[in-house]
There are 2 protein chains.
Amino acid sequence: MQRIEVATPVLKKNDELALENRALFAARGVVAVNLMSAPGAGKTTLLEKTLPTLQLRFRCGVIEGDLQTDLDAERVRKTGAVAHQINTNACHLDARMVREAYDAAFAQAPELLFIENIGNLVCPAAYDLGEQWRVTLFSVAEGADKPRKYPKMFHNSHAVVLNKIDLLPYTDVRLEELIESVGAVSPEAAVFPVSCRTGDGLGAWIEWLEQQIARSRQTRASASAEGH
Amino acid sequence: MQRIEVATPVLKKNDELALENRALFAARGVVAVNLMSAPGAGKTTLLEKTLPTLQLRFRCGVIEGDLQTDLDAERVRKTGAVAHQINTNACHLDARMVREAYDAAFAQAPELLFIENIGNLVCPAAYDLGEQWRVTLFSVAEGADKPRKYPKMFHNSHAVVLNKIDLLPYTDVRLEELIESVGAVSPEAAVFPVSCRTGDGLGAWIEWLEQQIARSRQTRASASAEGH
């Protein structure tokens, strides 16, 4: 479905809508995070482990993308965050879907908005949703060669979370090799090895998110002080 | 990229080419298997473990689909099988790519042809390649709920191989629950729990393939005896 003759106008329209989303999020003080991964890497579990801590300090919201079922939104709501489910037959979320979900779900703007994309390490990389931060989650059990084999997804990401490090002793994957492979395609991404199962490494990831929110508030405060 | 207005003509053209591939494979006695999975479930490793046994009895060939790199074809060639790499920016293989690769690589028809699709649990389900058998490979570490969340891929499959069962004791996934979840969306699929790492379960999977080849030969023999 990436044959250029059909995809180009779709992508152009999407980019325009993404710009609108980005302006809206900036105006309302929403830090939006596009969370992408292959199926089963643990996106929803990461949110379940991340949101309870962040909810103590910030109003959090989640837009959940899935081909079918609303199991994920139900799981996320238990953390106290407002969660809105999108069911789509598409292999990725696009900016229009995100805007419609945002308008439907968030009467009060969340300070932190996670957009959980469709489980797919290919197509979502091509679709700007208007997010501020792109995060790729990856299960270490999927192999150290994958960042080089799916470079676009990793290359576009501001942060890469390497999940399931508790499984490392039972696989042939070496964490150093995987981190090196991420660095080869995305040298500037922040990398967080974590285990959502044991909680290992989650502190650094949550701190990174808090820093992005603090930075965004500072930017807004300076802009406002300058009379904007 | 599945917006109907653009995808429908592409799919229709693909279906026509897939029919041609199917006729070609039937005429040349090629049993073609479309092997699909999410990234890192172990498609290439499964081929590395499957082909040495099958090569003893059948001429085997592989068409390798990847976004980038030809690492997989190199790995597969070590088994003695003829392997041809396709590098494509698309999120799936289509019938045209398969036909071009087949024509380029196989002067002598293989009796068993594996087509290793792009690592993606969504898009490849929509594209008929002209294969005889569709096989979905799934890593048990990806979670028992995934067949219900990615139903099209599982629903379309004749066989489902559940890999990495050696990791089960270190995850919260129960094999029975996962098998039940496969059965719910694909009640007729043959299910093979395996570990490519330990070799567990590979015998049954290889036997299934041998049966399909034997059946195909029988069909050809009967057709030829009837004077076709």
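The following paragraphs examine the structure supplied in this document. Everything numeric here is computed off the predicted structure, so don't read it as measured data.

1. A look at the overall build of chain A
Working step 1: Across its full length, chain A holds 8 helices and 7 strands.
Working step 2: A compact globule built from 228 residues should have a C-alpha radius of gyration of about 17 Å, and chain A, at 17 Å, falls within 12% of that.
Working step 3: A principal-axis box enclosing the C-alpha atoms of chain A has dimensions of 55 × 45 × 35 Å.
Working step 4: Taking all contacts inside chain A whose residues are at least 6 apart in sequence as the whole, residues at least 24 apart take part in 73%.
Working step 5: Total accessible area computed for chain A in this model is approximately 9300 Å², and 51% of it derives from carbon and sulfur atoms.
Working step 6: Looking at chain A, you have 25 positive and 29 negative side-chain charges, and the mean spots of the two groups are 2 Å apart.

2. Description of the pattern of salt bridges
Working step 1: Inspection of the entire model under this criterion finds 36 salt bridges over all chains.
Working step 2: One salt bridge connects R174(B) with E176(B), and the closest N-O pair in it is separated by 3.8 Å.
Working step 3: A cluster of three or more residues bridged by salt bridges with shared partners is formed by E48(A), D66(A), D72(A), R75(A) and K149(B).

3. Remarks on the interface of chain A and chain B
Working step 1: Counting residues at the interface gives 43 residues for chain A and 43 residues for chain B.
Working step 2: On inspection of chain A and its partner chain B, the count reaches 6 salt bridges.
Working step 3: The shortest N-O distance in the salt bridge between D72(A) and K149(B) comes to 2.6 Å.
Working step 4: Those elements giving two or more residues to the side of chain A that touches chain B turn out to be α1 (4-28), α3 (71-77), β4 (112-119) and α5 (146-149) of chain A.
Working step 5: By residue number, the principal contributor to the side of chain A that touches chain B is α5(A), which donates 3 residues.

4. Re the sheet that holds strand β1 (residues 31-37) of chain B
All names here are of chain B.
Working step 1: Pairing is parallel across the open sheet formed by 7 strands, whose spatial order is β3-β2-β4-β1-β5-β6-β7. The open sheet is flanked by β3 (82-87) and β7 (190-193), the only strands paired with a single partner. The average angle at which neighbouring strand axes cross in this sheet is 20°, direction not considered.
Working step 2: Here strand β5 (residues 133-139) pairs with strand β6 (residues 159-163) via 5 bridges, running parallel. Note on β6: the bridge partner recorded for S139 is N163.

5. Side note on the packing of aromatic side chains
All names here are of chain A.
Working step 1: Enumeration over the complete set of coordinates arrives at 15 aromatic pairs over all chains.
Working step 2: Centroid distance W133 to W208: 5.6 Å. Interplanar angle 70°. Geometry classified as edge-to-face. On the criterion of sequence distance, the pair formed by W133 in strand β5 (residues 133-139) and W208 in helix α8 (residues 202-225) is long-range, its members being 75 residues apart.
Working step 3: Accessibility expressed as a relative area gives 10% for W208, which makes it buried.
Working step 4: Each residue in the set W133, F192, W205 and W208 is aromatic and connected to the rest through ring pairs, giving one cluster.

Conventions used here
- Residues numbered from 1 in each chain as written.
- Chains lettered and ligands numbered in written order.
- Predicted model: local features only at pLDDT ≥ 70, side-chain atom pairs only at ≥ 80, totals over all residues.
- Heavy atoms only, no water.
- Helix = DSSP H or I, 4+ residues; strand = E, 2+ residues; numbered from the N terminus.
- Rg over C-alpha atoms; globule rule 2.2 N^0.38 Å.
- Contact = heavy atoms within 4.5 Å.
- Areas by Shrake-Rupley, 256 points an atom, 1.4 Å probe, with all protein chains shown as cover.
- Lys, Arg positive; Asp, Glu negative; His and termini not counted.
- Charge placed at Lys NZ, Arg CZ, Asp CG, Glu CD.
- Salt bridge = Lys/Arg side-chain N within 4 Å of Asp/Glu carboxyl O.
- Pairing = 2+ DSSP bridges.
- Axes fitted to C-alpha atoms, helices over the stretch in contact; angles between N-to-C directions.
- Phe/Tyr/Trp six-rings, centres within 6.5 Å; stacked < 30°, edge-to-face > 60°.
- Buried < 20%, exposed > 50% of the residue type's maximum accessible area, 1.4 Å probe, protein only.

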